[in-house]
Amino acid sequence: MNTVLILLPLVLTLLYSLATVPVLVWMERRIAALIQDRLGPNRCHINGIRLGGIIQSIADMMKLVFKEEFLPSHIKNRFYYLVAPSLAFMSAFLTFMVIPYADTLTINEQSYSMQALPTDLGVLWFLAFAGLGVYGIILGGWASHNKYAILGAIRASAQVIGYEVAMGLSLVSILITYGTISLNEMVSYQTQSFFIFPAWGLFIQPLASIIFIVTAFAETNRAPFDAAEGESEIVAGYHTEYGAMKFGLYFVAEYIAMAASGALIVTIFLGGYQLPYLNTSELINNFELILWGIIAFAIVTSLLFLRWMKQHNIFAMSGLDETKIYTTVVIGFTIFAILVMSYYALGFGDANEVGVMLLQFAVFTIKLFFLHFVFIWVRWTLPRFRYDQTQKLGWNILLPLSLANIFITAIVVVGVNYGN
Amino acid sequence: MGIKVVERHGNTFKEKIYLHAVFSGMKTTLKHFTANLRDASNLPTLCYPEQKPTDITPRYRGVHRLTHRKEDDSIACVACFMCATACPANCIEIVAADREDGRDEKMPQVFNIDLLECVFCGYCVEACPCDAIRMDSGIYSVIGECREDFIYNKAKLLSIQGISKEEFSLAK
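Residues numbered from 1 in each chain as written. Chains lettered and ligands numbered in written order. Predicted model: local features only at pLDDT ≥ 70, side-chain atom pairs only at ≥ 80, totals over all residues. Heavy atoms only, no water.

**Here's the deal with the overall build of chain A**
Test applied: For the purposes of this entry, the term helix denotes a DSSP run of H or I that reaches at least four residues, the term strand denotes a run of E that reaches at least two, and both are numbered from the N terminus. A radius of gyration in this sense is built from C-alpha atoms; the matching globule rule multiplies 2.2 Å by the number of residues raised to 0.38. Partly exposed residues are those whose accessible area sits between 20% and 50% of the maximum for their type, while under 20% is buried and over 50% is exposed, using a 1.4 Å probe and protein chains only. Whether two residues are in contact is decided by their heavy atoms: any pair within 4.5 Å suffices. Only the protein chains shown count as cover for residues, and the accessible areas themselves come from Shrake-Rupley with a 1.4 Å probe. Here Asp and Glu are counted as negative and Lys and Arg as positive; His is not counted, and neither are the chain ends. Lys charges are placed at NZ, Arg charges at CZ, Asp charges at CG and Glu charges at CD.
Helix and strand counts for chain A stand at 14 helices and four strands. The C-alpha atoms of chain A give a radius of gyration of 23 Å, which matches the 22 Å a tight globule of 420 residues would have. Considered along the principal axes of its C-alpha atoms, chain A spans approximately 70 × 70 × 45 Å. The 420 residues of chain A split such that 50% are buried. In chain A, the share of contacts with a sequence separation of at least 24, taken over all contacts with a separation of at least 6, comes to 80%. Carbon and sulfur atoms make up 71% of the accessible area of chain A, which amounts to about 19700 Å² in all. Within chain A, the 24 negative side-chain charges are centred at a point lying 14 Å from the centre of the 21 positive side-chain charges.

**Focus on the interface of chain B and chain A**
Applicable threshold: Two parts placed together each lose some accessible area; with a 1.4 Å probe, that loss summed over both constitutes the buried area. Criterion for a salt bridge: a side-chain nitrogen of Lys or Arg within 4 Å of a carboxyl oxygen of Asp or Glu. Polar contacts, as used here, are pairs of N or O atoms within 3.5 Å; protein pairs need one atom able to donate a hydrogen and one able to accept it. Residues neighboring in sequence count only if both atoms are side-chain atoms. By the convention adopted, Pro, Cys, Tyr, Trp, Phe, Met, Ile, Leu, Val and Ala count as nonpolar, Lys, Arg, Asp and Glu as charged, and the other residues, Gly among them, as polar.
In this assembly, 21 residues from chain B lie in contact with 20 residues from chain A. Both faces combined, the contact of chain B with chain A buries some 1900 Å², and carbon together with sulfur accounts for 73% of it. Among the residues chain B hides against chain A, the three largest losses belong to B:Tyr18, B:Met26 and B:Phe33. Together they make up 29% of the total. The tally of links from chain B across to chain A stands at one salt bridge. Here B:Glu50 ties to A:Arg43 by a salt bridge, and the two come within 3.1 Å at their closest N and O atoms. Run the count over chain B and chain A and you get eight residue pairs in polar contact (both at pLDDT 80 or more). Per-class residue counts for the side of chain B that touches chain A are 13 nonpolar, five polar and three charged.

**A few points about the packing of aromatic side chains**
As a reminder of what qualifies: Side-chain rings of Phe, Tyr and Trp, where Trp is taken by its six-membered ring, are said to pair if the distance between their centres is within 6.5 Å; with planes under 30 degrees apart they count as stacked, over 60 as edge-to-face, and otherwise as tilted. The rule is short: NZ of Lys or CZ of Arg within 6 Å of the ring centre and within 35 degrees of the ring normal puts a charge over the ring.
Counted under the stated rule, the structure contains 24 aromatic pairs over all chains. Look at A:Tyr178 and A:Tyr189: their rings are 5.0 Å apart centre to centre, the planes differ by 55°, and that puts the pair in the tilted class. Of the two residues, A:Tyr178 sits in helix α5 (residues 147-178) while A:Tyr189 sits in helix α6 (residues 183-189), which places them eleven residues apart along the sequence. On the basis of relative accessible area, A:Tyr178 is assigned to the buried category, the value being 7%. Here the aromatic residues A:Tyr16, A:Phe96, A:Tyr101 and A:Phe364 are joined through ring pairs into a cluster of three or more. In this structure, B:Lys52 is placed above the aromatic ring of B:Tyr48, and the distance from its NZ or CZ to the ring centre is 5.3 Å. The ring centre of B:Tyr152 lies 5.0 Å from the NZ or CZ of B:Lys156, which sits over that ring.

**Some remarks on the nonpolar core**
The nonpolar side chains of a soluble globular protein tend to be buried, and buried together. For the record, the criterion: By nonpolar core is meant a set of buried Ala, Val, Leu, Ile, Met, Phe, Trp, Tyr and Cys residues that side-chain atoms within 4.5 Å join together.
If you look at the biggest cluster of nonpolar residues, it comprises 95 residues, and the most contacted ones within it are A:Phe96, A:Tyr101, A:Met114, A:Phe212, A:Ile268 and A:Phe364. If you tally residues by element for this core, the top one is helix α9 (residues 244-269) of chain A, at 14 residues. Sequence-distant contacts of A:Tyr101, defined by excluding residues within four places in its chain, comprise A:Pro9, A:Leu12, A:Thr13, A:Tyr16, A:Phe96, A:Met114, A:Tyr273, A:Gln360, A:Phe361 and A:Phe364. Membership of the second largest hydrophobic core comes to 28 residues, among which are B:Cys83, B:Leu115, B:Phe150 and B:Leu157.

**Considering the side chain of A:Asn221**
Within the secondary structure layout, A:Asn221 lies in the loop between α8 (206-219) and α9. Ignoring anything within four residues of it in the chain, the contact list for A:Asn221 reads A:Ile137, A:Ala156, A:Gln159, A:Asp226, A:Ala228, A:Glu229 and A:Glu254.

**What to know about the pattern of salt bridges**
The final tally for this structure, using the stated rule, is 15 salt bridges over all chains. We note a salt bridge from A:Lys246 to A:Glu69, for which the minimum N-O separation is 2.8 Å. With A:Lys246 in helix α9 and A:Glu69 in the loop between α2 (54-66) and α3 (78-95), the pair connects residues that are 177 residues apart, well separated along the chain. Taking the relative accessible area as the measure of exposure, A:Lys246 reaches 6% and is therefore buried. A:Glu69 sits in the partly exposed class, given a relative accessible area of 47%. Residues B:Asp101 and B:Arg99 are paired through a salt bridge, measuring 2.9 Å at the closest nitrogen-oxygen approach. B:Asp101 gets classed as partly exposed once you look at its relative accessible area, which sits at 47%. In the salt-bridge network here, residues are joined through shared partners; they are A:Glu28, A:Arg222, A:Glu254 and A:Arg379.

**Quick look at a nonpolar patch on the surface**
Operational definition: Only residues whose relative accessible area exceeds 30% and that form no salt bridge are eligible for patches; like-charged ones are grouped when within 9 Å, while nonpolar side chains (Val, Leu, Ile, Met, Phe, Trp, Tyr) are grouped when within 5 Å.
A contiguous nonpolar patch, built from A:Leu7, A:Leu10, A:Val11 and A:Leu15 and spanning about 320 Å² of accessible area, is present on the exposed surface. For A:Leu7, the position within the fold is in helix α1 (residues 2-35).

**Describing the packing of helix α4 (residues 122-143) of chain A against α5(A)**
Residue and element names in this part refer to chain A. Test applied: Axis definition: a line fitted to C-alpha atoms, over the contacting stretch in the case of helices. Angles run 0 to 180 degrees between N-to-C directions. Orientation is classified from the angle alone, with under 35 degrees giving roughly parallel, over 145 giving roughly antiparallel, 65 to 115 giving roughly perpendicular, and any other angle giving oblique.
Put simply, α4 and α5 touch, their axes get as near as 8 Å, and they point 170° apart. Taken together, α4 and α5 sit at an angle that is classed as roughly antiparallel. Taking contact as the criterion, the partners of Val123, Phe126, Leu127, Gly131, Val134, Ile137, Ile138, Gly141 and Trp142 in α4 are, on α5, Ala149, Ile150, Ala153, Ala156, Ser157, Val160, Glu164, Met167, Leu171 and Leu175. A breakdown of the residues in the contact of α4 with α5 according to their chemical character gives 15 nonpolar, three polar and one charged.

See the structure below:
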């Protein structure tokens, strides 16, 4: 039990970063398709099971892994060329290590931190590794020995320098407000209420959250700030010379970086793993009531999902009967979950701490996937910024705004504390 | 000459902070997303092998066909080589022969079109003085297992049906 609880956050880090990548690629394609009035991937299947198209991204990954590892002969610095994508991948992956997935769990007076790396310096770790991720891009662009690659790398580095400043300064105003740099304490701060709103960073510090979200987009090289791989100008930017899984690592690194900054935005601005207004001890004390709520929610959502699937899964495939299998799985899982939850809700067993932990995982996951949706939604809405506009926005607008925000925040925080 | 004064955008404060335009754009895309998620049956996507296109008109340049004469259903082609001459891809092979039935002087003995060479430009149809070759078959996908399958001979070309109202050659 002890080992399991210590390893749990590590496993969750792997799940949230690596295992969500196929799902994210699938979400990207499906959401893009639906936004553009198309259908998206719906053909790829394993014996008739398509999982709504997720099999397509698994097939793509298989393709990238088994493709020939081509090494262009003009490349002199082979070591740097080969190490660059793994550097980008690794730093994106390590960024995730400090995100708290649930409140610190206390069982038998022993506490288990639900961060993969139990440190209070989470924000600094995030900034360090988010910055290092760009190093992989710069190294790849330089080692590729190709003018498009180096142009992409230069763009990426200049952009990150410009936006990292604004990102750091917007974080400073957040740190002043919360009075801590521990991500766990930030989350528990956000369980209070602010007038009638939950005291989320989004409501307390709207300006800082907008600046942070914009800079997070720029930091992960996502649209509309993806001038580093602007295919209309510089072929594919820094990964022009990369193929097979070396390209795949860059591709995965972009999604993991997106997931990591989404996770940090959730933690700092959207209340993290906590439900609004409720802190962990309140959750533990009222756990039965919450379970009944979840049971009702599960019934309603699975019924809605089944109705929706019956309407939309009309495309007959050879092999197994998809609709029937999904219906069985959904109904079976819902009944199983309801049985387990009502066992605890009726008071036969006592596992409130673990239950609250699972609930917090679920809340975190839902918020994280909402953030992923927003990232994808923005990508398929906004055209790419012109490169000089990107720089102008970063240095001329976001930087002064974040500086001004620090001053205002400091004055307000000092004033409020003085009054007390 | 009137001077048209074009209104300049992007100078007001509202436009300069981008956010208003960003959010209104996101609203539009979200509307599309939710509407399509709720009811995907309105999407114009064609699930191709199962659903066939319905908008193929007689003017669509599909696979060629050789037309027949209205009087006796014989071949309308007189082996004048106009189509083979006009063809930019050089994909039409004609061997002329004397015509025995007295309808005309010549007819093709061999008339092969190599569809792998053909660029479907329609010049042969334009060039034909007898309305003997047409591309109104409406066939948009040609399938074969070897290269020889794509060389359509005279019998094959004569057997293809058109989708236009005129079935026979209109030449007088």
